[in-house]
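Reading the structure
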Amino acid sequence: MKEVIAVVRMDMMNRTKAALTKAGVDAFFAHEAQGRGKGFVNSGVLQGAKSGYEEAAAVLGEKGKLYPKRMVTVVVKDDMVGEVIEAIATVNRTGKPGDGKIFVLPINDAVRVRTGEKGAKSIA
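Report follows, based on the coordinates. (Residues numbered from 1 in each chain as written. Predicted model: local features only at pLDDT ≥ 70, side-chain atom pairs only at ≥ 80, totals over all residues. Heavy atoms only, no water.)

When helices and strands are tallied, the protein chain shows 4 helices and 4 strands. Counting from the amino terminus, the protein chain carries its helices and strands in the arrangement β-α-β-α-α-β-α-β. Counting the 124 residues in the protein chain, one finds 27% classified as buried. Summarising the internal contacts of the protein chain: among those between residues at least 6 apart in sequence, 77% fall at separations of at least 24. When the accessible surface of the protein chain is split by element, carbon and sulfur atoms take 54% of a total near 8,300 Å². (Helix = DSSP H or I, 4+ residues; strand = E, 2+ residues; numbered from the N terminus. Buried < 20%, exposed > 50% of the residue type's maximum accessible area, 1.4 Å probe, protein only. Contact = heavy atoms within 4.5 Å. Areas by Shrake-Rupley, 256 points an atom, 1.4 Å probe, with all protein chains shown as cover.)

Next comes the structure, spelled out in structure tokens:
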């Protein structure tokens with residue numbers, strides 16, 4: 001089993017939900033999140049702010065802020081990971097900074113609380 005975590009734009013959430021459903025994933029979590037990528041901070045502006053230039057500090061205040069995102073988490077069987085990644089990436093790719101990130105982590109075990117089922121049975 002793997003956990004797929006995707007950070008996507010807020011306005012892409014409905015497309016992401018539809019893509020996951022189409023890929024056969026009906027159960028997932030979505031959380032409100034805030035963040036920024038490294039591309040949002042210009043190193044020249046950062047250096048100017050460190051040197052005490054007020055104009056640079058003002059620009060950095062805008063460029064260095066955190067942006068609203070959605071974090072989607074899904075646990076799937078190993079053989080579904082590629083399809084899930086492709087589904088999420090395809091609907092979120094605009095070619096512009098801020099399209100998001102996808103992370104894949106191993107899951108050692110899972111338990112369905114209601115029935116006590118463990119492992120892959122608990123997520124089926």
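After that view, the rundown keeps rolling.
This next bit is on the sheet that holds strand β1 (residues 2-9). The 4 strands are arranged β2-β3-β1-β4 in an open sheet whose pairing can be described as antiparallel. A strand with exactly one partner marks an edge of an open sheet, and here the two such strands are β2 (29-35) and β4 (101-106). Each adjacent strand pair in this sheet contributes to an overall mean axis angle of 25 degrees, direction not counted. In the packing of helix α1 (residues 13-22) onto the sheet, contacts are made with β1, β2 and β3 (67-76), and the angle to β3 comes to roughly 10 degrees. (Pairing = 2+ DSSP bridges. Axes fitted to C-alpha atoms, helices over the stretch in contact; angles between N-to-C directions.)

Let us look at the pairing of β1. Summarising the sheet, β1 and β3 pair through 8 bridges and their orientation is antiparallel. Following the sheet pairing, Val7 is matched in β3 by Met71. Bridge analysis of β1 against β4 gives 6 bridges, and the strand direction is antiparallel. Within β4, the residue paired with Glu3 across the bridge is Leu105.

This part covers the pairing of β3. Both β2 and β3 contribute to a ladder of 7 bridges, which runs antiparallel. Residue pairing in the sheet places Ala33 in a bridge with Lys69 of β3.

Once that is clear, we can look at helix α4 (residues 81-92). Compared with an ideal rise of 1.5 Å per residue, which puts 12 residues at 16 Å, α4 spans 17 Å between its outermost C-alpha atoms and is within 8% of the ideal. Buried within α4 are the following residues: Val81, Val84, Ala87, Ile88, Ala89 and Asn92. Summarising the contacts, the buried residues of α4 are in contact with β1, α1, β3 and β4. (Expected span 1.5 Å × (residues − 1).)

Turning to the nonpolar core, a few remarks are in order. Counting residues in each nonpolar core, the largest one holds 12 residues, listed as Val4, Ala6, Val8, Met13, Leu20, Val25, Val72, Val74, Val76, Val81, Val84 and Ile88. Elements with a minimum of two residues in this core: β1, α1, β3 and α4. (Core = buried A, V, L, I, M, F, W, Y, C linked by side-chain atoms within 4.5 Å.)

Along the polypeptide, Ser122 turns up in the segment after β4. Looking at Ser122, its side chain comes within polar contact range of the main-chain oxygen of Ala110, at 3.4 Å. Residues within four places of Ser122 in sequence aside, it is in contact with Ala110, Val111, Arg112 and Glu117. (Polar contact = N/O pair within 3.5 Å; in protein donor to acceptor, adjacent residues only side chain to side chain.)

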